[in-house]
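# Examination of the molecular architecture
Each chain, written out:
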Amino acid sequence: MRQQHSTEDPRQAWAYVTPALAIVLLVALFPLAWTVWESLHQHDLRMPWLGRPFVGLANYGEILRDPRFWGALAHTAFFAVTSIALELVFGLFLALALNESFRGRGLVRAAVLIPWAIPTVVAALLWRFMFDSQAGIANAVLVRAGVLDEPIVWFIRAATAWVPVILADVWKTTPFVALLLLAGLQNIDRSLYEAAATDGAGPWWQLRHITLPLLAPAMLVVLIFRTLDAFRVFDLVYVLTGGGPGTSTEPISIYAFNAMLQNLEFGYGAALSVVIFLMTFGLAVLYIKGLRADLGGGR
Amino acid sequence: MLTGWQRWIAGGVLALLVGLTAFPFYWGIVASLTPEATLFREPSLWPTHIILDHYRALFDERDFWIPIRNSVIVAGTTTLLCIAVGSLAAYALARLEFRGKTTILSLILAVTMFPQISIVSPLYLLLRALRLIDTYPGLILPYLTFAMPLAVWLLVGFFRQLPLDLEEAALVDGASRWQSFTRVILPVSVPALATTAILTFIYCWNEFLFALSFTLGPERQTVPVAIALFRGQYQVPWGQILAAAVVATVPVAAMVLLAQRRIVQGLTAGAVKG
């Protein structure tokens, strides 16, 4: 039978795949190609009389000299490194705890999934409310605990504005990280722990010498996956700080968005989006390579 | 594998993390039921004086049912399209052998990781040329960019888990691939299709950037855009914003709790290989 399957008419398989593939090509790849083409032009909708002259790589040259771009890149990198580090640490704790069997584990696992599933906009608003200067519980708690002398306005300075941004991301994404790590944990052969325990190794030794090394591949996948996400961050920062004060927390995606849909500099904005695309594409290739065996079709 | 006091520490850590996870929800719900004056004067951990005014204002004054209607229509239509077209493609990709399959799978996975921002401007110009800005199709089309690859990817994962011999009896009896797909695979895949539909719906329900870019006013705004753009006359209308946040969260939370096991399965199968 199996032979008969493999000698089947490949046209049939293509017929099944074509509609979905056509949609993906049409709505995703075609616009991407358009963005690349657009990025080679000067296209400013505020000055339509200039037309849309071809300028080659001039937009990219301008990006390299644009301090706002480098600032946005630095903000994005800062956001990525800080939030992902915290998410990996908390996610590991959570995954290890969820890997133990206890009553109500299913319920807990479902409950921690909820922050991941809610709209990012809602998560951002919940945290903006908690860090509101008047009604925010963060100020109330910190003043009562003596950490702050008086309530502060968190969103007026970059240093303090980052706090709710990072915390909101960690809150929203740690459950997801934990679930991915949990899947990795469940693939570790239980007999390794039993053998170690028979030899008198404690849980700390087991964690360092069995769990962490064997979890490393899963952690790497999570790391790449989250870095990809962090480089695309938009909703969270847009709602929490709007990139402000000024542009001091502006990530690259918000800069590109403002360039295009607010300043109507479509050519320059397109070049910015191509840069974002190339950076995430590099990460995506790494990620897909990591999953390659899985893609081969064999189980 | 932990014993005695170690279990207690693990339990304590877990309880703390779950508590921290739950607190923002708790606080948001409490605040959405608290009069604004109390909220700003003396924030209290326990609701002292419960009111439903914010929810009433949300629907009576802000017509919040309009963004809800828009979100349901857009996310629902996108999801149905993705399941209909995506399941067929996923079937071929998971269970038929043909050249180019690996390339297509890689392409689809790559598109799930597309930065949305990199296609916003051409989509905007395209939709404007087609006069689709501020319409339902003007959101459904862009939503297919992330929803279709996601649905196909999840379904491939699910279809691969079905045993090979499942179809063989039908194929030996002379059934065509199409018959095998519609009469054997689809009926046993109802839970997988439902899970994929739930996840696709959630992604569409939560989407913000496209909905922000391709709508012009309240008539076609989706829930996240409407909430994010809430403005008050004098100060931020926190009571109503939080009431809206609760309303936007309830359907998603319900779906997650219902389909928890399978969602976890689908997500982790796609992201970390088993």
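Keep in mind that what you see is a predicted model, and the values were worked out from it rather than measured. (Residues numbered from 1 in each chain as written. Chains lettered and ligands numbered in written order. Predicted model: local features only at pLDDT ≥ 70, side-chain atom pairs only at ≥ 80, totals over all residues. Heavy atoms only, no water.)

A separate point is the overall build of chain B. In terms of helices and strands, chain B carries 14 helices and zero strands. Overall, chain B shows an N-to-C arrangement of helices and strands of α-α-α-α-α-α-α-α-α-α-α-α-α-α. Projecting the C-alpha coordinates of chain B onto the three principal axes gives extents of approximately 75 × 70 × 30 Å. The 274 residues of chain B split such that 59% are buried. Expressed as a percentage of contacts within chain B between residues at least 6 apart in sequence, the contacts between residues at least 24 apart total 73%. Carbon together with sulfur atoms contributes 65% to the accessible area of chain B, which is approximately 11600 Å² in total. Each charge class in chain B was averaged separately, 18 positive and 14 negative side chains, and the resulting centres sit 8 Å apart. (Helix = DSSP H or I, 4+ residues; strand = E, 2+ residues; numbered from the N terminus. Buried < 20%, exposed > 50% of the residue type's maximum accessible area, 1.4 Å probe, protein only. Contact = heavy atoms within 4.5 Å. Areas by Shrake-Rupley, 256 points an atom, 1.4 Å probe, with all protein chains shown as cover. Lys, Arg positive; Asp, Glu negative; His and termini not counted. Charge placed at Lys NZ, Arg CZ, Asp CG, Glu CD.)

Nonpolar side chains in soluble globular proteins generally cluster together in the buried interior. F64(B), L93(B) and I227(B) are the most contacted members of the largest nonpolar core, which totals 197 residues. Looking at this core, the element that brings in the most residues is helix α7 (residues 137-161) of chain B, giving 15 residues. Setting aside its immediate chain neighbours within four residues, L93(B) contacts V17(A), F98(B), K101(B), I104(B), L105(B), I108(B), V152(B) and V156(B). (Core = buried A, V, L, I, M, F, W, Y, C linked by side-chain atoms within 4.5 Å.)

It is worth spelling out the interface of chain A and chain B at this point. Size of an interface, as often reported, equals the accessible area lost when the parts are brought together. Taken together, the 100 residues of chain A in the interface contact 106 residues of chain B. With both sides pooled, the region where chain A packs onto chain B buries about 9500 Å², and carbon together with sulfur makes up 77% of that total. Where chain A packs against chain B, one counts zero salt bridges. Ranked by residue count, the leading element in the side of chain A that touches chain B is helix α2 (residues 10-38) of chain A, at 21 residues. (Buried area = accessible area lost by both parts, 1.4 Å probe. Salt bridge = Lys/Arg side-chain N within 4 Å of Asp/Glu carboxyl O.)

All told, the structure shown has three cavities of 30 Å³ or more when counted by the stated rule. If you add up the space inside the largest cavity, you get close to 1200 Å³. What lines the largest cavity is a set of 44 residues, among which W116(A), T120(A), D229(A), R232(A) and Y203(B) lie closest to the centre. Tallying contributions element by element places α7(B) first for the lining of the largest cavity, with five residues. Residues that form the lining of the largest cavity fall into these classes: 28 nonpolar, nine polar and seven charged. (1 Å grid on protein atoms, 1.4 Å probe; cavity = no way out; pocket = protein on both sides within 12 Å on 5 of 7 lines; lining within 4 Å. Points joined across faces, edges and corners; volume = space filled by probe spheres on them. Nonpolar A, V, L, I, M, F, W, Y, C, P; charged D, E, K, R; others polar.)

All names here are of chain B. Under the counting rule described, the total for this entry stands at zero disulfides over all chains. With no disulfide of its own, C82 lies 6.4 Å from the sulfur of C204, the closest cysteine sulfur. Overall, C82 belongs to the buried group, its relative accessible area being 0%. (Disulfide = S-S within 2.5 Å.)

Before going further, it helps to spend a moment on the pattern of salt bridges. Counting across every chain of the model gives 14 salt bridges over all chains. For the salt bridge of E87(A) with R226(A), the shortest nitrogen-to-oxygen distance reads 2.8 Å. Of the two residues, E87(A) sits in helix α4 (residues 67-99) while R226(A) sits in helix α10 (residues 203-231), which places them 139 residues apart along the sequence. Per residue, the accessibility class of E87(A) equals that of R226(A), and both read buried. For E167(B), the salt bridge identified is with R95(B), shortest N-O distance 2.6 Å. In this pair, E167(B) is assigned in helix α8 (residues 165-172) and R95(B) in helix α4 (residues 65-95), connecting sequence segments 72 residues apart. Like E167(B), the residue R95(B) is buried in the burial classification. What you see here is one network of salt bridges that share partners, running through E87(A), D169(A), R226(A), D229(A) and R232(A).

With that settled, the discussion passes to the confidence of the model for chain B. Residues and elements named next belong to chain B. Of the residues in chain B, 95% reach a pLDDT of 70 or more, and the chain-wide mean stands at 88. The least confident element of chain B is helix α14 (residues 260-271), whose mean pLDDT is 72; the most confident is α4, at 96. Interface confidence for the predicted complex, given as ipTM, is 0.91, next to a pTM of 0.91. (pLDDT = per-residue confidence, 0-100.)

Before going further, it helps to spend a moment on the packing of helix α5 (residues 105-117) of chain A against helix α13 (residues 238-258) of chain B. It is at 9 Å that the axes of α5(A) and α13(B) come closest, and there the two elements cross at 140°. As far as their axial angle goes, α13(B) and α5(A) are oblique. When the axes of α5(A) and α13(B) are compared, the crossing they make is right-handed. In this structure, α5(A) contributes A110(A), A111(A), L113(A), I114(A) and A117(A) to the contact, and α13(B) contributes V252(B), A253(B), V256(B) and L257(B). Taken together, the residues of the contact of α5(A) with α13(B) break down into nine nonpolar, no polar and no charged. (Axes fitted to C-alpha atoms, helices over the stretch in contact; angles between N-to-C directions. Parallel < 35°, antiparallel > 145°, perpendicular 65-115°, else oblique. Left-handed = near helix turned anticlockwise from the far one by under 90°.)

In this section: α8(B). Buried residues of α8(B): E167(B), E168(B), A170(B) and L171(B), and no others. G174(B), located one to two residues past α8(B), shows a positive phi value of around 90°.

A grouping of L86(A), V89(A), F90(A) and F93(A) is seen on the molecular surface, where their side chains present a nonpolar patch of about 340 Å² in accessible area. On the secondary structure map, L86(A) appears in helix α4. (Patch = residues over 30% accessible without salt bridge, like charges linked within 9 Å, V, L, I, M, F, W, Y side chains within 5 Å.)

Okay, unusual backbone geometry next. Here the residue pair G244(A) and P245(A) is connected by a cis peptide bond, since its omega of 0° sits within 30 degrees of zero. Summarising the element assignment, P245(A) is placed in the loop between α11 (235-240) and α12 (252-262). Phi is positive for L264(A), which is not a glycine, with a value near 60°. Among the secondary structure elements, L264(A) is positioned in the loop between α12 and α13 (266-290). Relative accessible area serves as the criterion here: at 25%, L264(A) is assigned to the partly exposed category. Of note, R131(B) is a non-glycine position whose phi angle comes to about 55°, a positive value.

Scanning all chains against the criterion turns up 35 aromatic pairs over all chains. Plain terms: the ring middles of F234(A) and F208(B) are 6.3 Å apart, the flat faces sit at 45° to each other, and that makes the pair tilted. Here F234(A), found in the loop between α10 and α11, pairs with F208(B), found in the loop between α10 (190-206) and α11 (209-214), and the two come from separate chains. Accessibility classification places F234(A) together with F208(B) in one group, the buried group. Ring centres of F146(B) and F210(B) lie 6.5 Å apart, and the angle between their planes is 35°; this geometry places the pair in the tilted category. Of this pair, F146(B) sits in helix α7 while F210(B) sits in helix α11, placing them 64 residues apart in sequence. With respect to burial, F146(B) and F210(B) carry one shared label: buried. Members of the aromatic cluster, each reached through a chain of ring pairs, are W127(A), F131(A), W154(A), W171(A) and F25(B). Its end group placed over the ring of Y136(B), R220(B) keeps NZ or CZ at 4.2 Å from the ring centre. (Phe/Tyr/Trp six-rings, centres within 6.5 Å; stacked < 30°, edge-to-face > 60°. Lys NZ or Arg CZ within 6 Å of the ring centre and 35° of its normal.)

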